[in-house]
Amino acid sequence: MKLILVSPPFGENGQKSKGLPIAPPVLEYLAGLTLQIRPETQIELIDANIDDFNPETVQADLVGFTVLTPQAPWAYRTGDKLKKRGIPVIMGGIHVTALPEESAPYTDSMILGEAESVWETVLADIEKGQLKSLYRGERLPLENLPRPQTDILPHKYRFGSFFTSRGCPHRCSFCSVHKFFGGKVRLRSIPEVVSEVAASKRKFFWNIDDNIWGVNVPRSIELFRELAQNIKGKYWFGAGDLVSLDHPRADEMLDWARRAGLTSAMVGWESNNTLTLDEFNAHAKQGRSRADAIKKIRAAGIDVMLFIMVGSRKDTREDFEGIIKLCDELDVSAHPVMTIPLPQTDLYKEYEPYIIPGYDWDKFDGNRAVFYHPTMSPEEREEALARLWTETFRLPKIFRRMCKISLKGFPAAHITSFMVQYSQRRAFGQYARKEFAKAGGKHD
């Protein structure tokens, strides 16, 4: 049996866009799951953000797509072409799970939820020619999981990935993680995680947990200690909350995290506007003093990037400029994106009356303003975001932030800080140049 698994492009209208150089995590994991179940399967992995995928010439027994919201239009168009040629198509992922009725016409089969509990049945059904139209995945314990297959994708990626948990106890209105993976956090065995990272040929990783340390601080300390004591010369980037830095053992946790190879953390600042934090239901993640938490992380020798959403209906023009000032004061970078009401989230329900008619899902990518604002036009918000990207990732600022990282993290934190920031500069710059050209401005 030949199986092709595809990660759709993130660019608007299916155009390729430069992003972080990370191997698509779901593709490598699904390949590992497939070979764990049926080792004889012939597997091809395609990252359509890099490689062309021609549905008119491809040959396979099954083509699978894992779909996030901004990837949906391309996946739908491509799936429809494959179906017309009689090639079975299966789709899964957060967007398909959120909107199965919308997705169904473009697929022969869908997986709603997590794939582990049904993938063996899917493979057996396709061999028998009895593929069902719908499979509902269960949330299983994270035990005896397959290792990602890192030698199938044709390109060399700077970052691999690993995960240690699924689920999130927070209820942020903009987020779909707790709806897809559950509000109760499931944990992987620490020895299993350590063994997987140790066995990988890659040196740099992106940890794809929703929260690298916020599930349970003592457990995080144990995980980081085991990674530090058993693995050398491997480094990783992850995302975390700020409230965990209020824990009495936070300094110990950060010390072990750095020793375990954590060089940079993207933390959920979420918004610089208190009213927007209320709207996002995100205060519980912020802790007593966000600025002090940032300083604590950096003092431990770990770089910090703030995840911030801008342009919400509560935000003002001043909030865009305030982020530039905030980053300069804290000597950190930011990952600013437009506020996006994703389907089936609480924010979508709140913003639905204001969503601009006629926009397809590929505009829900964090670059575009997709809803009406009380005082700012979509074009004003998009231009403000482009200017924010330009200011945030100027080369002199990148080098200054590198120099401000504690020497405890030297040289790994400093090197990976540049790698991540420069990758962000390239990714954001591609879009910012278009916006500046459209507005008649300049971009350097």
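In this numbering scheme, every chain counts its residues from 1 along its sequence in written order. For this predicted model, a pLDDT threshold of at least 70 governs which residues receive local features, and a threshold of 80 or more governs which side-chain atom pairs are given and counted, while totals over whole chains, interfaces and linings are taken from all residues. Computation of side-chain values covers all heavy atoms of the structure but excludes hydrogens and water.

**Student:** Can you walk me through the overall build of the protein chain in this structure?
**Tutor:** The way it works is that DSSP assigns letters per residue, a run of H or I at least four long becomes a helix, a run of E at least two long becomes a strand, and they are numbered from the N terminus. Each helix and strand in the protein chain was counted, giving 16 helices and 14 strands. A compact globule built from 444 residues would reach a C-alpha radius of gyration of about 22 Å, and the protein chain, at 22 Å, matches this within 12%. Each residue's exposure class comes from its accessible area (1.4 Å probe, protein chains only) as a fraction of the maximum for that residue type: buried when under 20%, exposed when over 50%, partly exposed otherwise. Burial statistics for the protein chain: of 444 residues in total, 58% are counted as buried. Residue contacts are defined here by distance: any two heavy atoms, one from each residue, within 4.5 Å place the two residues in contact. Considering only residue pairs separated by 6 or more positions, the protein chain has 75% of its internal contacts joining residues 24 or more positions apart. Every accessible area reported is derived by Shrake-Rupley at a probe size of 1.4 Å, with residue values counting cover from the shown protein chains alone. Taken as a whole, the protein chain presents about 18900 Å² of accessible surface, with 51% of it coming from carbon and sulfur. His is not counted, nor are the chain ends, whereas Lys and Arg count as positive and Asp and Glu as negative. Throughout, a charge is located at the NZ atom of Lys, the CZ atom of Arg, the CG atom of Asp or the CD atom of Glu. Across the protein chain, the mean location of the 59 positive side-chain charges is 4 Å away from that of the 57 negative side-chain charges. Atoms counted for the radius of gyration: C-alpha only. Globule rule: 2.2 Å times residue count to the power 0.38.

**Student:** Help me out: how do you make sense of the pairing of strand β7 (residues 159–162) in this one?
**Tutor:** Side-chain alternation along β7 places Phe-159 and Ser-161 on one buried face and Gly-160 and Phe-162 on a second face that is also buried. Between any two strands, pairing holds if DSSP finds at least two bridges. As paired elements, β7 and strand β10 (residues 204–207) share four bridges and run parallel to each other. Across the sheet, the residue bridging to Gly-160 is Phe-205, located in β10.

**Student:** Is there a simple way to explain helix α7 (residues 190–199) in this structure?
**Tutor:** Two residues of an α-helix separated by three or four positions point the same way, owing to the 3.6 residues in each turn. Within the span of α7, buried status applies to Ile-190, Glu-192, Val-193, Val-194, Glu-196 and Val-197. Those residues of α7 hidden inside the fold are in contact with β7, β10 and α8 (217–230).

**Student:** Any chance you could explain the nonpolar core here in plain terms?
**Tutor:** Soluble globular proteins tend to bury their nonpolar side chains together. Throughout this description, the term nonpolar core refers to a set of buried Ala, Val, Leu, Ile, Met, Phe, Trp, Tyr and Cys residues connected via side-chain atoms within 4.5 Å. By size, the foremost hydrophobic cluster in this structure holds 65 residues, and its most contacted members are Trp-213, Phe-224, Val-267, Ile-294, Ile-297 and Leu-306. When residues no more than four places from it in sequence are discounted, the contact partners of Ile-294 are Leu-242, Val-267, Trp-269, Val-304, Leu-306, Leu-330 and Val-332. Ranked by size, the runner-up nonpolar core spans 42 residues in total, among them Val-96, Leu-99, Cys-175 and Trp-361.

**Student:** Looking at this model, I keep getting lost on the packing of aromatic side chains. Mind explaining?
**Tutor:** Two aromatic rings, drawn from Phe, Tyr or Trp (for Trp, its six-membered ring), form a pair once their centres lie within 6.5 Å of each other, and the interplanar angle then sorts them: stacked below 30 degrees, edge-to-face above 60, tilted otherwise. Summed over the entire model, instances satisfying the criterion amount to 19 aromatic pairs. Taken together, a centroid distance of 6.2 Å and an interplanar angle of 75 degrees make the contact between Phe-159 and Trp-206 edge-to-face. Separated by 47 residues along the polypeptide, Phe-159 in strand β7 and Trp-206 in strand β10 bring together distant segments of the chain. In terms of burial, Phe-159 and Trp-206 fall into one category: buried. Comment: the charge-over-ring label is applied if NZ (Lys) or CZ (Arg) is within 6 Å of the ring centre and within 35 degrees of the ring normal. One cation-aromatic arrangement involves Arg-188 over Phe-163; the distance from NZ or CZ to the ring centre is 4.9 Å. Over the face of the ring belonging to Tyr-354 we find Arg-313, whose NZ or CZ atom lies 3.5 Å from the ring centre.

**Student:** Mind showing me how you'd approach the pairing of strand β3 (residues 62–66) here?
**Tutor:** Successive side chains on a regular strand alternate, one facing one side of the sheet and the next facing the other. For β3, the tally of buried residues reaches five of five residues, placing the bulk of the element in the interior. Side-chain alternation along β3 places Leu-62, Gly-64 and Thr-66 on one buried face and Val-63 and Phe-65 on a second face that is also buried. In the sheet, strand β1 (residues 2–7) pairs with β3 via four bridges, with the strands oriented parallel. What sits directly across from Leu-3, in β3, is Leu-62. Crossover connection from β3 via helix α2 (residues 72–84) to parallel strand β4 (residues 89–92): handedness right-handed. Looking down the strands as they point away from the viewer, one classifies a crossover as right-handed if the path from the first strand across the helix to the second runs clockwise.

**Student:** How should the state of the cysteines be read in this particular structure?
**Tutor:** Simply put, disulfide is the name for a covalent bond between the sulfur atoms of two cysteines. Cysteine sulfur atoms are paired as a disulfide whenever they fall within 2.5 Å. Following the criterion strictly, the structure yields zero disulfides and no others. You can see Cys-168 has no disulfide; the closest cysteine sulfur is in Cys-175, sitting 6.1 Å from it. For Cys-168, a relative accessible area of 7% gives the class buried. The class of Cys-175 is buried, set by a relative accessible area of 17%.

**Student:** What am I meant to see in the environment of His-178 here?
**Tutor:** Examined against the element boundaries, His-178 turns out to sit in helix α6 (residues 177–181). Considering only alpha carbons, one finds His-178 and Gly-167, 11 residues apart in sequence, at a separation of 5.6 Å.

**Student:** Looking at this model, I keep getting lost on the side chain of Asp-47. Mind explaining?
**Tutor:** Relative to the assigned elements, Asp-47 resides in strand β2 (residues 42–47). The class for Asp-47 is buried, based on a relative accessible area of 6%. Ignoring sequence-local partners within four residues, the contact set of Asp-47 consists of Ser-7, Pro-24, Leu-27, Leu-153 and Tyr-157.

**Student:** When you look at the packing of helix α12 (residues 317–330) against helix α14 (residues 378–392) in this model, what are you seeing that I'm missing?
**Tutor:** The angle between the axes and the distance between the axes are what describe a pair of packed helices. At a minimum axis separation of 10 Å, α12 and α14 run at an interaxial angle of 10 degrees. Looking at the two axes, α12 sits roughly parallel to α14. Between α12, through Arg-317, Phe-320, Ile-323 and Ile-324, and α14, the contact on the second element is made entirely by Glu-380, Arg-381, Ala-384, Leu-385, Leu-388 and Glu-391. Side-chain classes follow a simple rule in which Ala, Val, Leu, Ile, Met, Phe, Trp, Tyr, Cys and Pro form the nonpolar group, Asp, Glu, Lys and Arg form the charged group, and the remainder, Gly included, forms the polar group. Broken down by class, the residue content of the contact of α12 with α14 amounts to six nonpolar, no polar and four charged. Helix axes are fitted to C-alpha atoms over the stretch in contact, other axes to C-alpha atoms as well, and angles between N-to-C directions run from 0 to 180 degrees. In these notes the angle categories are as follows: under 35 degrees is roughly parallel, over 145 is roughly antiparallel, 65 to 115 is roughly perpendicular, and the rest is oblique.

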